[in-house]
Amino acid sequence: MGAGDSKLSFKKGVFRLAEEHNIPPHDPYWLSFWELPESAEDVFTLFAAADIRRTRDQHPENLETLILVVTSRLFTLKNHPSFPDPELALEKHALNCIRILTRVLPFLYEKDGLEAWEDRYFWGTRRKRSRKASLSRAEVIFDEAHPDEEPRSPTTAEYFESAPPLMEELIDTLIDLLFYSGFTLIENPSSKGKVTYAIWQSGVGCNTPVGTTKELESNKIETLRLLLAITSKAMFIPANILPVKGTKALTYIATSADKKVVLSTLCSLLNTTLKYNPASWRVPYDHVVFSDPRQVLVTYCLQLLLVLLLYPVPEGRPNEPQFKNNYRHYLGRLHRTQDFQFLVDGMTRVLNQPIQATTSYLPGSQRSIQWAPEMLMLFWESLQCNKRFRSFIIETDRVHDFVILIIYYALEHRLDPSKSGVVRMCVFVLQTLSTEPKFGMSLNKHFEGQNTLPSSVRIPSFSGTYADYLIISIYSLITGSKGRLGAVYPALLAIIANVAPHIKPLSAAASTKLVQLFASMSAPAFLLANETNHALLHSLLESMNSIIEHNYSENANFVYAVLRAHKRFEALRNFTLERGQEEIDRQNRQKKDQGGSQDSSAKNSMSLDDLASPVEERKSMAGSESPIPPNQFEIGDDEDSDEEDKSASSIKTPMSPRSPTIPSRTPSISPSAEDALPIQLRAMSEKARGKLPEGAFQRQASTTSLASHVGAAATVTSSNGFTPSPIWIESWLPHLPLHTIVVLIQQLQPQLREALARNNGEPNATSMLERIRTTEVHGIEPSLIKTHMFEWSPLALGWYESLLWGFVFVAERHVSKGTVGVWNGTAVKLFKVQETAPEGPSLLAPRGGVDAIGTNLIERLGSVSLGRGQPQRNSSDSGNGGNRERHAVV
């Protein structure tokens, strides 16, 4: 039979599956599903999504029989003494069984109401027929077709025995096939059995690779893809339910008690991923001529590894033992220095590749690998699972490389809605690192080689420490993301808060950015726009206090920047609803005079954004080697700082900083009684407070009754419906941690003015900074260092898993060949799928008549009518998703 005839026969069999009722399991018709297809593309194209859905909805009994006979054939082949003999086509039969299951399972998962059926069919107890005598070929095929059927005749020497659930046996079979001699591993004559749990690549747990071929790697790809399809039940569960409910397949794999299987699988996936070098033996534009199948294997290895590592095992019933994720457990047990070095080298090599591809002298000469975000996720998991690894990268200063890489990906994708999840993850990875005190100390190292960075993360003429670079980059993220990162403002400020006690010396450029950020967050338009924005200001003030309290003498640049902005702090001390409304009205009138039209409610719906474009913002750091520009050395000037005025006037805020997918961050230490005092009294000693007359504890700005402010409150209403009130302001304003800065201004400002007067008003940068360093400030005591941890919650876990499965979903379009796509056209519930128009033809991707002939031939064959009713085809049925690119929106 020719190739064309076999495809027609297979397609005819697919139509029969969807139209006939209850096809007998012993019918030779089932042989066609593993004998006729020649490739995965045949299965995915000829077995269309519409065919699977019609069979599932109209003749589910045929779909049950198909799964049963295909799995039975796969189990029998694995135990066959000649498997995988190419002469008997046993390897081809096994691969076709794997392909059929990979094609069908996602369409079973997508339909609501099948959960009870799945539990019974895949996870229910069952009996399996066994025979003492050798079975005929036909009997081997249908060994488990009717597991509940009683023996038909005692002369057949058959009997029944208990068998594990169908899905458990299928998973065990697939994992065995990953280590099967002659199928996925090179045959070893000295091995005792066909299944040898040998680690595929050298690296963690292995010094010598076992060797491989393209055929063996292709079989690994098919097997790994089916394991991903089995575990992809998570794609069809809403994000708020998934972490609590989990999936039975992942629970079974992750809690496996066989240590040898877990370690072999973990190390094989890990080493294959990290051993890959995308830059080895490459010539420019090689990806235009041919594809690298090795990338497909690495992609599936990394994805399955992350699916196993990230999975939170659901809590069992109160009386049941709690199982743990053994893959995560053993990753946390790594301790050898060479293993950590192997992890770091492999991760940085992959993360650096997209940067090298974009900065190449020949544009487009290298294709950027697609799994850099997944590698960031693996890095984050390693940090969380293994404290020794976290200490290793910090103590060896390799953490600086990761900081730069993380900032690159965050800044590169900050404006791409489809990559917002990647940016959030980058922020959380930095927050995880910042919880280590040694990390904050390591940032004081001078940053060299900054000019070699890509333009998106480069600060021209920058000279400073890694701490300076981190703070300026965070400022760029907040102000240059057009409000898309409002949900991670707390995490970004938590990073600054965690490293603030250890920073010394902070440069003039970074100091200015921190003060500008304070000016933005303390502006009325920002504070009155949302009920929780004051919490962001509180966090930033705590960071500024930490810099002053713990390293005052080493941070003269920051102290001077605070002194120059003293009017901002005084305005915050005296803040009222009326003054806030007046300031907003003044800014609106100013914008109207300049030709803009924006009402106060629109103003209140803005985000911390548009202070400067990212490129201009980073260029403004040029010349930062000078500690303080001489012409800015003024204390108490009327203008205070034009740049700060402009930044404050452009304040915007997201409507809901607390995203439902991000856990809220609570301080590790509650506010002290000192912080609860009115702001003017915090700078006074307890003895001085006792001499004050009765009623002095009222704020000076609140001289009028609260009732007189009710009318003003109604004029400030944000677009999210929030209406600020004087009572609401009183609930948080007295608790802002302004004591340290107020004391600093009160004691240093007169001395600096005196120094200026002695010098006839001519500022001297060196002498002024020296005066700040040598002046002892009284009344400031170092506060306890707070560590703002990243806190996991069910909602955060749901977001994290949706991010991972979004990577898997999108990557399938890149790694699949032709029309092969496991989840093409399925109704995913874990995240939203947004389709965009495809890119037009280019010099690197010409599209013409030859391309159309090659890609459309098999599609036309897949939709051919055989007289049994033409199936309706739509864009989701075609393997390429209707020629539209897909993005997972998380």
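Above this note sits the structure.
This one's a predicted model, so the numbers in the text were calculated from it and none came from an experiment. (Residues numbered from 1 in each chain as written. Predicted model: local features only at pLDDT ≥ 70, side-chain atom pairs only at ≥ 80, totals over all residues. Heavy atoms only, no water.)

Along its length, the protein carries 40 helices and four strands. Residues counted as buried form 56% of the 890 residues belonging to the protein. Sequence separation of at least 24 residues holds for 80% of the intrachain contacts in the protein that already meet a minimum separation of 6. Accessible surface for the protein amounts to roughly 37,800 Å². Of this, 52% is attributable to carbon and sulfur atoms. (Helix = DSSP H or I, 4+ residues; strand = E, 2+ residues; numbered from the N terminus. Buried < 20%, exposed > 50% of the residue type's maximum accessible area, 1.4 Å probe, protein only. Contact = heavy atoms within 4.5 Å. Areas by Shrake-Rupley, 256 points an atom, 1.4 Å probe, with all protein chains shown as cover.)

Checked against the element boundaries, arginine 771 lands in helix H38 (residues 765-774). For arginine 771, a relative accessible area of 26% gives the class partly exposed. In this structure the C-alpha to C-alpha distance between arginine 771 and leucine 752, which are 19 residues apart in sequence, comes to 7.8 Å. Here arginine 771 is in contact with Gln751, Leu752 and Ala755, once residues within four sequence places are set aside.

This part takes up helix H37 (residues 739-758). Compared with an ideal rise of 1.5 Å per residue, which puts 20 residues at 28 Å, H37 spans 30 Å between its outermost C-alpha atoms and is within 8% of the ideal. A maximum bend of about 30 degrees is found in H37 at leucine 748, where proline proline 750 lies one to four positions downstream. Of all the residues in H37, the buried ones are His739, Thr740, Ile741, Val742, Val743, Leu744, Ile745, Leu748, Gln749, Leu752, Ala755 and Leu756. (Expected span 1.5 Å × (residues − 1). Bend = angle between axes of the 7 residues up to and from the residue.)

Here we come to the packing of aromatic side chains. Summed over all chains, the structure comprises 37 aromatic pairs. Judged by centre distance (4.5 Å) and plane angle (25 degrees), the ring pair of phenylalanine 447 and tyrosine 466 falls under stacked. With phenylalanine 447 in the loop between helix H22 (437-442) and helix H23 (466-479) and tyrosine 466 in helix H23, this residue pair connects regions lying 19 residues apart in the sequence. Tyrosine 466 gets classed as buried once you look at its relative accessible area, which sits at 10%. Members of the aromatic cluster, joined through ring pairs, are Trp380, Phe428, Phe790, Trp792, Trp799 and Tyr800. Above the ring of tyrosine 29, the side-chain terminus of arginine 16 is found at 4.5 Å from the ring centroid. Lying over the aromatic face of tryptophan 200, lysine 220 brings its terminal NZ or CZ to 4.3 Å of the ring centre. (Phe/Tyr/Trp six-rings, centres within 6.5 Å; stacked < 30°, edge-to-face > 60°. Lys NZ or Arg CZ within 6 Å of the ring centre and 35° of its normal.)

A cis amide bond links phenylalanine 83 to the next residue, proline 84, at an omega of 0 degrees. Relative to the assigned elements, proline 84 resides in the loop between helix H5 (60-78) and helix H6 (90-109). In the Ramachandran plot, alanine 89 falls in the positive-phi region, its phi being about 60 degrees despite a non-glycine side chain. Mapped onto the fold, alanine 89 is located in the loop between H5 and H6. The backbone of aspartate 397 sits at a positive phi, close to 65 degrees, despite the residue not being glycine.

Attention shifts here to the environment of leucine 804. Tracing the sequence through the fold places leucine 804 in helix H39 (residues 794-815). Of the residues examined, leucine 804 reaches a relative accessible area of 2% and is grouped as buried. Taking the C-alpha atoms as reference, leucine 804 lies 8.3 Å from methionine 377; in sequence the two are 427 residues apart. What leucine 804 contacts, discounting residues up to four positions off in sequence, is Leu306, Val307, Leu310 and Met377.

Next up on the list: the pattern of salt bridges. Under the criterion given, the structure shown has 30 salt bridges. With a shortest N-O distance of 3.2 Å, aspartate 119 and lysine 248 are connected by a salt bridge. Of this pair, aspartate 119 sits in helix H7 (residues 115-123) while lysine 248 sits in helix H12 (residues 248-254); the two residues are 129 residues apart in sequence, bridging distant segments of the chain. Salt bridges sharing common partners tie together Arg53, Arg56, Asp57, Glu110 and Lys111. (Salt bridge = Lys/Arg side-chain N within 4 Å of Asp/Glu carboxyl O.)

Turning our eyes to something else, we now look at the side chain of glutamate 381. Assignment of secondary structure puts glutamate 381 in helix H18 (residues 372-385). For glutamate 381, a relative accessible area of 1% puts it in the buried group. Non-local contacts of glutamate 381, meaning those with residues more than four positions away in its chain, are made with Leu309, Leu310, Arg328 and Tyr800.

The next thing to look at is the state of the cysteines. Following the criterion strictly, the structure yields zero disulfides and no others. Here cysteine 267 stays free of any disulfide, with the sulfur of cysteine 206 as its closest cysteine sulfur at 8.5 Å. (Disulfide = S-S within 2.5 Å.)

On to a positive patch on the surface. Residues Lys259, Lys324, Arg333 and Arg388 make up a contiguous surface patch of positive charge. Take arginine 388: it is sitting in helix H19 (residues 387-395). Judged by relative accessible area, which is 48%, arginine 388 ranks as partly exposed. (Patch = residues over 30% accessible without salt bridge, like charges linked within 9 Å, V, L, I, M, F, W, Y side chains within 5 Å. Lys, Arg positive; Asp, Glu negative; His and termini not counted. Charge placed at Lys NZ, Arg CZ, Asp CG, Glu CD.)

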